[in-house]
Number of protein chains: 2
Amino acid sequence: MAVRHYTLDFSLSAPADSSTTVRGLQSIFQEQEMTETIHNTEGHGYLATFIGKNGRFVVLRIHKHGLVTIDLQCYEADNLMQVDHLLNALEKKLKTLLHKNIRRIKRLPALQRGAKVDRYWPTADGRLVEYDIDEVVYEEDSVYQNIKILHSAQFGNILILNGDVNLAESDLPYTQAIMGSGKEQYTGKEVLILGGGDGGILCEAVKLKPKMITMVEISFHLHIDQLVIDGCRKHMRKTCGNVLDNLKGDCYEVLVEDCVPVLKKFVEEGKNFDYVINDLTAVPISTAPEEDSTWEFLRLILDLSIKVLRPSGKYFTQGNCANLTEALSQYEELLEKLSCPVDFSKEVVCVPSYMELWVFYTIWKK
Amino acid sequence: MAVRHYTLDFSLSAPADSSTTVRGLQSIFQEQEMTETIHNTEGHGYLATFIGKNGRFVVLRIHKHGLVTIDLQCYEADNLMQVDHLLNALEKKLKTLLHKNIRRIKRLPALQRGAKVDRYWPTADGRLVEYDIDEVVYEEDSVYQNIKILHSAQFGNILILNGDVNLAESDLPYTQAIMGSGKEQYTGKEVLILGGGDGGILCEAVKLKPKMITMVEISFHLHIDQLVIDGCRKHMRKTCGNVLDNLKGDCYEVLVEDCVPVLKKFVEEGKNFDYVINDLTAVPISTAPEEDSTWEFLRLILDLSIKVLRPSGKYFTQGNCANLTEALSQYEELLEKLSCPVDFSKEVVCVPSYMELWVFYTIWKK
């Protein structure tokens, strides 16, 4: 049984008078037959807790610097209408008591804690966002990671790997961006996809009638695994269509192998591609490359990819969210240090389920 | 001084053993020199509160049905590294204590309560979302409403009216959608814009060389006011360009008048338009039309607009967020009851700053 956690905050122009405020609210808590405990905060304002029926619990703090915060926790099976009335009563009374002193009243949608279906998936830049998720469609723990596919009424099914939103069925703009935003001519071309386990890129690329697509599906470093492909084939069909049903089609082949040795083999064989699409990983948030092996890996993949790219070819990849400017700069510095000199452009794209703008790179040989 | 409110929740397969769990955590709270109060919950699990240095406050609840919740409140001026260590210690210890019983551990980004700049602007479907807002650029209370323009690193300036996100500088997709998603030919056409106080539609429409745009700027019913135009002209220039600098241009005119009498006058005069773009209001969330005068108003505007529409003309408007299916159905029912029979199509669009998909309507005479 989940806990609903309500907050109600009054920001004030000047500190509130504790005794008046407390006295003013007393009758409301008494009506609710709540048991009050007053705490000694050692000079940090007034703090009282109230225990009520059905596990209801309230924290009232009158902070010293012009802020009154109220927390109300109750169980989801509680009478939520009653709980709402209680909050309304507290809000109304505080409005009267604090009146001209009020700068802002903030009452947030209740946090749902410990619910069966988890709705909170923070953004890459660390913001709290709640999704309209109503069902767990698929959940597996592979040897590498936790894999979830959750259903959102508006975004369709969403693939979440180790707590990071990867791709939703609504996210065609992601796939289009990492394929060059419709500005490229894929017909008759040779394409290499690194990663892309959800099948989105492969599905869109196949429609464009390329000569051949080679997709290298597994990266031991990044733990892309068979259970991801299995889940997506079944539950992300708006994204992958039927391309994951078979590992080989008229113009594509999926190699279930680690991409590094495959890339090395391509380099040795002198195999070339018109487009290399790297969908393996976002730019790491950590900006200490020496401590994060993902940076090392990123550079290795980049170097090998540029080697298999035709002189006129293009390399596409995601960066990270637009707000992680330091990590993105670091990536751009890395681009300047590759063994083969490259130029790049970037584009900021709105991916519907991400709740933040995302940066994509196009890289080509100088 | 804002309060940072951390939550750490353990969802369990079976109820936790209170005494073992409490004893296990005791040393951590003692090390922090926190004063413990144990509360009588009358059979609703274990509940203890802890008061620490610098106004730190912790609530530990071991719920009866397999959930442990921890709240930690501290001031933003506190040593946040230390606070993080404390949470890490609690998480680590609980991992050991609860071990194989753990279904999910959830530690959300801290809520910032009472902060100078408010970052929480819930979606139309009532979800909690945090924005990357770092500055209040403009704030005015007009006789009608509270007007804010806030700066977001990724979305640019955001216009917020009475707490509702209206439009950000990143939201060209909104403007494009309400103009027919690029499928219309505006050159040489006569266009009527209702509302649109941010100047976005006017700015984009002017670029398409129409014969004449009439924008009717003020709706007394919906409280669009001069202070909105003033704020947007100054702080939303990526949206409105320079079109709000003058109320009259080569091919446009802004009438600062209530739109209802203006529309009635157009009907009387037999004035016609190729496109009517209604940017006055979203479909009301309330699905009790008899109790909400906005529904009444919506119908009036629709009827008048269809009357001034050429037989080949199109009427564009926003609906609401895709999840408010009931309100949208209600609107579609209203469309079937207009005095002049109409057909409609709808489109679901991702507006970057909205954090939810948005529905737009195209309506035409049968």
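Note that the coordinates shown come from a computational prediction; the quantities given were computed from them, not determined experimentally.

Predicted coordinates in regions of low pLDDT should not be interpreted in detail. When the pLDDT values of chain A are averaged, the result is 93; 96% of them are 70 or greater. Among the prediction metrics, the complex's ipTM stands at 0.94, with pTM recorded as 0.94.

Here we take up the relation of the copies chain B and chain A. Taken as rigid bodies, chain B and chain A are interconverted by a rotation of 180° and an axial shift of 0.0 Å, the fit giving an RMSD of 0.1 Å. Such a turn and shift between the copies fits a two-fold axis. Ranked by how close their C-alpha atoms come to the rotation axis, the residues of chain B are headed by B:Val129, at 2.2 Å.

Looking now at the interface of chain B and chain A. Counting from both sides, the interface comprises 59 residues of chain B and, opposite them, 59 residues of chain A. Each partner contributes to the roughly 5200 Å² buried at the junction of chain B and chain A, and carbon and sulfur atoms together form 57% of this total. A per-residue breakdown of the area chain B buries against chain A is headed by B:Arg113, B:Leu128 and B:Gln154, which together make up 13% of the total. Across the contact surface, chain B and chain A share eight salt bridges. Note that B:Asp118 and A:Arg104 form a salt bridge whose closest N and O atoms lie 3.8 Å from each other. For the pair chain B and chain A, the interface holds 32 residue pairs in polar contact (both at pLDDT 80 or more). The set of elements that each furnish at least two residues to the side of chain B that touches chain A consists of strand 1 (3-12), strand 2 (35-39), strand 3 (46-51), strand 4 (57-63), strand 5 (67-75), strand 6 (102-107) and strand 7 (111-113) of chain B. Of the residues belonging to the side of chain B that touches chain A, the class tally is 26 nonpolar, 19 polar and 14 charged.

All right, on to the pairing of strand 10 (residues 156-161) of chain A then. Residue and element names in this part refer to chain A. Buried residues dominate strand 10, accounting for six of its six residues. In this structure, strand 9 (residues 146-152) lies alongside strand 10, joined through six bridges in antiparallel fashion. Residue pairing for strand 10: serine 152 is matched across the bridge by glycine 156. In textbook terms, the turn of a hairpin is the stretch between consecutive antiparallel strands, and for strand 9 and strand 10 this stretch comprises three residues. As judged from the four bridges shared by strand 10 and strand 11 (residues 164-168), these two strands associate in the antiparallel manner. For isoleucine 160, the partnering residue across the bridge sits in strand 11 and is valine 165.

The next point concerns the UniProt feature "active site" (unreviewed entry) in chain A. All names here are of chain A. Mapped onto this numbering, the UniProt entry gives "active site" (unreviewed entry) at Asp279. For aspartate 279, a relative accessible area of 9% corresponds to the buried category. Residues contacting aspartate 279, with those up to four places away along its chain left out, are Tyr174, Ile178, Leu194, Gly195, Gly196, Asp198, Ile201 and Gln318. Looking at aspartate 279, its side chain comes within polar contact range of the side chain of tyrosine 174, at 2.5 Å.

Evaluated as defined, the whole model comprises 45 salt bridges over all chains. A:Lys106 is paired through a salt bridge with B:Asp118; the nearest N and O atoms lie 2.6 Å apart. Here B:Asp118 lies in the loop between strand 7 and strand 8 (133-141) and A:Lys106 lies in strand 6 (residues 102-107), a pairing that spans two chains. For the pair A:Lys106 and B:Asp118, a shared accessibility class is recorded, and that class is buried. Taking the shortest distance from any N to any O, the salt bridge between B:Arg310 and B:Asp274 comes out at 3.0 Å. Here B:Asp274 lies in strand 15 (residues 273-279) and B:Arg310 lies in strand 16 (residues 309-321), a separation of 36 residues in the sequence. On the basis of relative accessible area, B:Arg310 is assigned to the partly exposed category, the value being 25%. Among the charged side chains, a salt-bridge network with shared partners connects A:Glu190, A:Lys211, A:Lys271, A:Asp274 and A:Arg310.

Let us look at the side chain of B:Lys106. Residue classification places B:Lys106 among the buried residues on the basis of a relative accessible area of 15%. Within polar-contact distance, the side chain of B:Lys106 engages the side chain of A:Asp118 at 2.6 Å.

What follows is about the sheet that holds strand 10 of chain A. Residue and element names in this part refer to chain A. Here four strands make up an open sheet; going across it, the order is 8-9-10-11 and the pairing antiparallel. At either end of the open sheet lies a strand with only one pairing partner, and these are strand 8 (133-141) and strand 11. Ignoring which end each strand starts from, the neighbouring axes of this sheet average 25° apart.

A few words on the environment of A:Gly66. Positionally, A:Gly66 belongs in the loop between strand 4 (57-63) and strand 5 (67-75). A relative accessible area of 6% means that A:Gly66 is categorised as buried.

Two numbers describe a pair of packed helices, the interaxial angle and the distance between the axes. All names here are of chain B. Packing of helix 7 (residues 259-269) against helix 8 (residues 293-307) brings their axes to within 9 Å, and their N-to-C directions diverge by 30°. Taken together, the axes of helix 7 and helix 8 lie roughly parallel to each other. Crossing handedness for the pair helix 7 and helix 8: left-handed. Listed contacts from helix 8 to Cys259, Val260, Leu263, Lys264 and Val267 of helix 7 are Phe297, Leu300, Ile301, Leu304, Ser305 and Lys307. Residue composition of the contact of helix 7 with helix 8, by class: eight nonpolar, one polar and two charged.

So, about the nonpolar core. Counting residues in each nonpolar core, the largest one holds 169 residues, and the members touching the most others are A:Tyr331 and B:Tyr331. Sequence-distant contacts of A:Tyr331, that is, excluding residues within four places in its chain, are made with A:Val283, A:Trp295, A:Leu298, A:Leu302, A:Tyr315, A:Thr317, A:Tyr361 and A:Ile363.

This part takes up the state of the cysteines. The final tally for this structure, using the stated rule, is zero disulfides over all chains. A:Cys259 supplies the cysteine sulfur nearest to A:Cys340, a cysteine that is in no disulfide, at a spacing of 19 Å.

All names here are of chain A. If you check the backbone angles, histidine 99 has positive phi at about 35° while not being a glycine. Structurally, histidine 99 is set in the loop between helix 2 (80-98) and strand 6. Judged by relative accessible area, which is 52%, histidine 99 ranks as exposed. The backbone phi angle of lysine 209 is positive, close to 55°, even though this residue is not glycine. In this structure lysine 209 comes out as exposed when scored by relative accessible area, which is 60%.

Looking at the element boundaries, B:Asp230 is found in helix 5 (residues 226-235). B:Asp230 sits in the partly exposed class, given a relative accessible area of 24%.

Before going further, it helps to spend a moment on the pairing of strand 17 (residues 342-350) of chain B. Residues and elements named next belong to chain B. Note: strand 17 against strand 18 (residues 357-365), nine bridges, orientation antiparallel. Within strand 18, the residue paired with serine 345 across the bridge is threonine 362. In sequence, strand 17 turns back onto strand 18 through a hairpin of six residues, with methionine 355 there showing a positive phi of about 60°.

Cut-offs applied
Residues numbered from 1 in each chain as written. Chains lettered and ligands numbered in written order. Predicted model: local features only at pLDDT ≥ 70, side-chain atom pairs only at ≥ 80, totals over all residues. Heavy atoms only, no water. pLDDT = per-residue confidence, 0-100. Least-squares fit on C-alpha atoms with pLDDT ≥ 70 in both. Contact = heavy atoms within 4.5 Å. Buried area = accessible area lost by both parts, 1.4 Å probe. Salt bridge = Lys/Arg side-chain N within 4 Å of Asp/Glu carboxyl O. Polar contact = N/O pair within 3.5 Å; in protein donor to acceptor, adjacent residues only side chain to side chain. Helix = DSSP H or I, 4+ residues; strand = E, 2+ residues; numbered from the N terminus. Nonpolar A, V, L, I, M, F, W, Y, C, P; charged D, E, K, R; others polar. Buried < 20%, exposed > 50% of the residue type's maximum accessible area, 1.4 Å probe, protein only. Pairing = 2+ DSSP bridges. UniProt positions renumbered as here; feature names shortened; annotations may be inferred. Axes fitted to C-alpha atoms, helices over the stretch in contact; angles between N-to-C directions. Parallel < 35°, antiparallel > 145°, perpendicular 65-115°, else oblique. Left-handed = near helix turned anticlockwise from the far one by under 90°. Core = buried A, V, L, I, M, F, W, Y, C linked by side-chain atoms within 4.5 Å. Disulfide = S-S within 2.5 Å.

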